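# Structural overview
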Amino acid sequence: MSGPTRRHDVPAPPDTGPPRLSTRPRTRPGRSARRFAAVLAVAAVALTGCAGEPDAAPETGAPAAAPTPDPIDWNECGPNVDCATVEVPLEYSEPGGEQISLSVKRHRATDPDQRIGSLFFNPGGPGVPATEMVGIIDPDSATSPFSADVQARFDIIGMDPRGVGESGAVRCLTDEQRTEAAADDLDPTIPGGKPLPELEADATTYTEGCLKHQSKEFLASLSTDNVARDIDQIRAALGEEKITYYGMSYGTVVGPMYATLFPDRVRQMVIDAPVDTDLWHNDPLALLDDVSRSNEQTLDTWLETCRSEGTKVCPFGDGEPEAALDELIAQLEAAPLEVPPTEGLTPGGRLDGAVALEAVRAGAGVESLWPTLTSGLLAAQRGDGTLLHFLVTNVTVAPFGGPFAVLQEPHTGVRCADWQTPTEIDAHTDMATTVAERDTRLGGRAGYSALNCALWPAPNEDRFTEPLTGAGAPPVLVVGGRVDNVSPYHWAEKMVETMENSVLLTREGVGHTSYRRGVECIDTAVDATLINGDLPADGTVCEPPPATTKPAGPKGS
C-alpha cells in the first residue's frame, strides 16, 4: 500500500477566526431548492506521471479543465486489491496550481474476460472512507457490499473524497478533546444536550481547531462539486471513457453532482437512500428537521412493532414499550450504569439517558438490529448496559453528531463546505424548539447540530448551486426505503422529480439503504441496472422479509 496522502497543515493567519453567531432577525434561505454499519447477530447472542492534453470542460462542468493525469501507478495491497494515490488540483479554478493527494483502492474484476469497466462508489457519511469498503469486498461472502455478479464484471473503485479517510481526513479536535467529548454529560431534555452558551463555546473550540490542523483553502475545497471533479480525474487516469456509479446516503449527492457536471461520462448510475439535494445545498436546517422527524418515526415503528408482536415475542414493557422506554431513560439519566470494557464489542463507559437514546436511535433504524435493541433494553432494565453501549459505540456517523460518532470531523467539514447555513442564532433556536416539541424522544439532538457550520471559518464562495438534474445522463435508478431514519422516503420521491430520466424503486420496511440488505427484489434490480442497464418499471415496490423485535438471546440476555 502506498503511504499516507499529504495533508494541509498550514495554520490560518492569527487575525483570521470563525465568525460569531448573529442575533439579528432571522433571514431564512430560500427553498428553491456506513462506516458500513452491520452488526453480526452472533455478537448479540454471545451477550445474550506527466500531464497530457487538457480535457474539454463540459458545458455545466468544472470552471476550468484540469490536465489529464498520468495513468494510475497501482500497488497490490491485498487479495485482488490494488492501492494508489492520485494528484488532483486543490482548486479547479486554478488547475495548474497546488495539488492534493487522494487515496484510491481498486478491487479487480473477478472475471476479467467479462469485465465491463470501472464501478465507482461512495458509501456516504459524508466521512466514510470508500477505500475501507473496498477492503471488505469478498466474492464468497453474503455480506459483501456488492454481489458476486457485480464483482465479476467490474473493477470496483473506492476513492476517499478529499478531507476523508486517507485523503487528508479533516481534524478539528485533539485526542484529549475527543476523550473529553466522549465523556460529556448531555441532558436529553435540553436541545443539543447543553445550554446554548456551552454549545456555542464548543462550536468555537471545534471550528478554531479545524484551522489549527488544516488551511482555510483546503477546508473550503471540500465541497461535493470538487469531489465530482476528483472522480472525473480518477476516471481519466484509469483511461475510462465512462464510469458506472453506485452511491448511498451522501453518495447520492455525489452521484447526481457527477451526472450533472459530466453527463456524457456516465454509463449507468444507481442512487440508494437519496438525499434531497436542494435542501442539502440550500436549506440545511430544513434538511435536519426532516431527518429528526424520520428518526422519531422510525423509533415509533419499532415501538409499534414491539407492541403488536405481543409480550411473548417482545417482553420489553409488558405491552407498553413507550412507557417502559421513557421510564428507563429517566432512570438511566438519574443513575447511569457503568459498562465494563468487552473485547470486540465495546470499550466500556457510562450509559446515561442521553447515551441510551443514541443507542435506541441507532438500533431502531436497522431492522436486523431490532432483536439486539430489545435485548439491550431488557438488559439495561436489569442493570447491564453492555448491549446498548455496544450499539451506540458502533455508530460511525450520526446525523446530529455525538461523542461516539468517530467520523464526525470529516462529516462536518464536507457538509459545511456544501451547506448554506444561517448565521443568525434565531434560525437555529427556532428549529431546535420545533423539533424538540414535536420529536419528544429523539429530537433533542437535532436542534443545534449545525452550529459548527454556522461558525465555519472557511466559506466556500464558488460552490456549485444549480439543481442537480443529471440532464443528458442515462436513466438513473433511485432506490428509496419506505421507513428510513436518515433519508426519509419523500427525499427519494423528490430525487425522481429532480433527476431527469430517472425511475423510483421502493423498499418497504425499515432501514437506511436497500441494496445488499437481504431483499432479493432490490438486489436483482440494482444488479440488472449496473450490469446491463435494465431498469425496473418506475414505481416497482419490493417487500423485505418480515422483521421482528424478538430478543436476540434467551430472555433478552
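Residues numbered from 1 in each chain as written. Predicted model: local features only at pLDDT ≥ 70, side-chain atom pairs only at ≥ 80, totals over all residues. Heavy atoms only, no water.

What follows is about the overall build of the protein chain. When its secondary structure is counted, the protein chain shows 19 helices and twelve strands. In the protein chain, buried positions account for 59% of the 557 residues. (Helix = DSSP H or I, 4+ residues; strand = E, 2+ residues; numbered from the N terminus. Buried < 20%, exposed > 50% of the residue type's maximum accessible area, 1.4 Å probe, protein only.)

Right, let's get into the layout of surface pockets. Its boundaries defined by the atoms lining it, the second largest pocket holds a volume of some 1100 Å³. As for the second largest pocket, its lining consists of 43 residues, and the residues nearest its centre are Leu173, Ala181, Asp184, Gly402 and Pro403. At the level of secondary structure, the elements contributing two or more residues to the lining of the second largest pocket comprise helix 4 (175-182), helix 5 (196-213), strand 9 (349-351), helix 14 (386-393), helix 15 (408-418) and helix 17 (451-454). At seven residues, the largest contribution of residues to the lining of the second largest pocket is made by helix 4. Here the lining of the second largest pocket is composed, by residue class, of 18 nonpolar, 14 polar and eleven charged. (1 Å grid on protein atoms, 1.4 Å probe; cavity = no way out; pocket = protein on both sides within 12 Å on 5 of 7 lines; lining within 4 Å. Points joined across faces, edges and corners; volume = space filled by probe spheres on them. Nonpolar A, V, L, I, M, F, W, Y, C, P; charged D, E, K, R; others polar.)

Glancing now at the sheet that holds strand 11 (residues 502-510). Reading across the sheet, the ten strands line up as 1-2-3-5-4-6-7-10-11-12 and stay open at both edges, with mixed pairing between neighbours. With partners counted over all chains shown, the strands left at the sheet margins are strand 1 (75-78) and strand 12 (540-542), one partner each. Geometrically, the sheet is characterised by an average inter-axis angle of 25° between neighbouring strands, direction not taken into account. Note that strand 6 (residues 243-248) and strand 7 (residues 266-272) share six bridges and pair parallel. (Pairing = 2+ DSSP bridges. Axes fitted to C-alpha atoms, helices over the stretch in contact; angles between N-to-C directions.)

On to the pattern of salt bridges, then. Taken as a whole, this structure holds 22 salt bridges when the rule is applied. For Asp184, the salt bridge goes to Lys194, with nearest N and O atoms at 3.1 Å. A residue pair is termed long-range when its members are at least 10 positions apart, and Asp184 in the loop between helix 4 and helix 5 and Lys194 in the loop between helix 4 and helix 5 qualify at ten residues. When its relative accessible area of 27% is taken as the criterion, Asp184 is described as partly exposed. In this structure, Arg235 and Asp232 form a salt bridge, with 2.7 Å as the shortest nitrogen-oxygen distance. Highlighted residues: Arg235 and Asp232, both in helix 7 (residues 224-238), separated by three residues, approximately one helical turn. This pair shows no difference in class: Arg235 is buried, exactly as Asp232 is. Here the residues in one salt-bridge network are Asp289, Arg293, Arg438 and Asp439, joined through shared partners. (Salt bridge = Lys/Arg side-chain N within 4 Å of Asp/Glu carboxyl O.)

This part is about the environment of Ala525. Checked against the element boundaries, Ala525 lands in helix 19 (residues 520-532). Look past the residues within four positions of Ala525 in its chain and what remains in contact with it is Leu477, Leu505, Asp534 and Pro536. (Contact = heavy atoms within 4.5 Å.)

In this section: the packing of helix 10 (residues 284-309) against helix 12 (residues 353-364). Here helix 10 crosses helix 12 at 75°, and the two axes come no closer than 9 Å. In terms of orientation, helix 10 lies roughly perpendicular with respect to helix 12. Together, Asn295, Thr298, Leu299 and Trp302 of helix 10 and Val360, Arg361 and Ala364 of helix 12 make up the contact between the two elements. Considering only residue class, the contact of helix 10 with helix 12 consists of four nonpolar, two polar and one charged. (Parallel < 35°, antiparallel > 145°, perpendicular 65-115°, else oblique.)

Let's shift gears to the nonpolar core. The biggest cluster of nonpolar side chains holds 75 residues, and the ones touching the most others in it are Leu219, Ile231, Ile234, Leu287 and Leu288. Looking at this core element by element, the count peaks at six residues for helix 8 (residues 251-261). For Leu219, the contacting residues outside a window of four places in its chain are Val170, Cys210, Leu211, Gln214, Ala417, Trp456 and Ala458. In terms of nonpolar packing, the next biggest core, distinct from the first, is built from 32 residues, Val339, Leu369, Trp370 and Ala380 among them. (Core = buried A, V, L, I, M, F, W, Y, C linked by side-chain atoms within 4.5 Å.)

This paragraph deals with the state of the cysteines. All chains considered together, the criterion is met by five disulfides. Covalent S-S linkage joins Cys172 and Cys210, the inter-sulfur distance amounting to 1.9 Å. Around the S-S axis, the bridge from Cys172 to Cys210 shows a dihedral of about 95° and counts as right-handed. Taken together, the residues Cys172 in the loop between strand 5 (154-159) and helix 4 and Cys210 in helix 5 connect sequence positions 38 residues apart. Cys210 shares its class with Cys172; the two are buried. Cysteine pairing for the protein chain (bonded cysteines numbered in sequence order): 1-2, 3-4, 5-6, 7-8, 9-10. (Disulfide = S-S within 2.5 Å.)

Here we take up the packing of aromatic side chains. Overall, the coordinates contain eight aromatic pairs when judged by the stated rule. Measuring from ring centre to ring centre gives 5.6 Å for Tyr250 and Trp280, while their planes differ by 45°; the resulting arrangement is tilted. Highlighted residues: Tyr250 in the loop between strand 6 and helix 8 and Trp280 in helix 9 (residues 277-282), separated in sequence by 30 residues. Trp280 matches Tyr250 in its accessibility class, with the two residues each being buried. Put simply, the rings of Phe121, Phe146, Tyr246 and Tyr515 touch in pairs and so form one group of aromatic residues. Across from the ring centre of Tyr489, 4.7 Å away, lies the NZ or CZ of Arg482, which sits over that ring. (Phe/Tyr/Trp six-rings, centres within 6.5 Å; stacked < 30°, edge-to-face > 60°. Lys NZ or Arg CZ within 6 Å of the ring centre and 35° of its normal.)

By themselves, these figures tell us nothing about what the structure is for.
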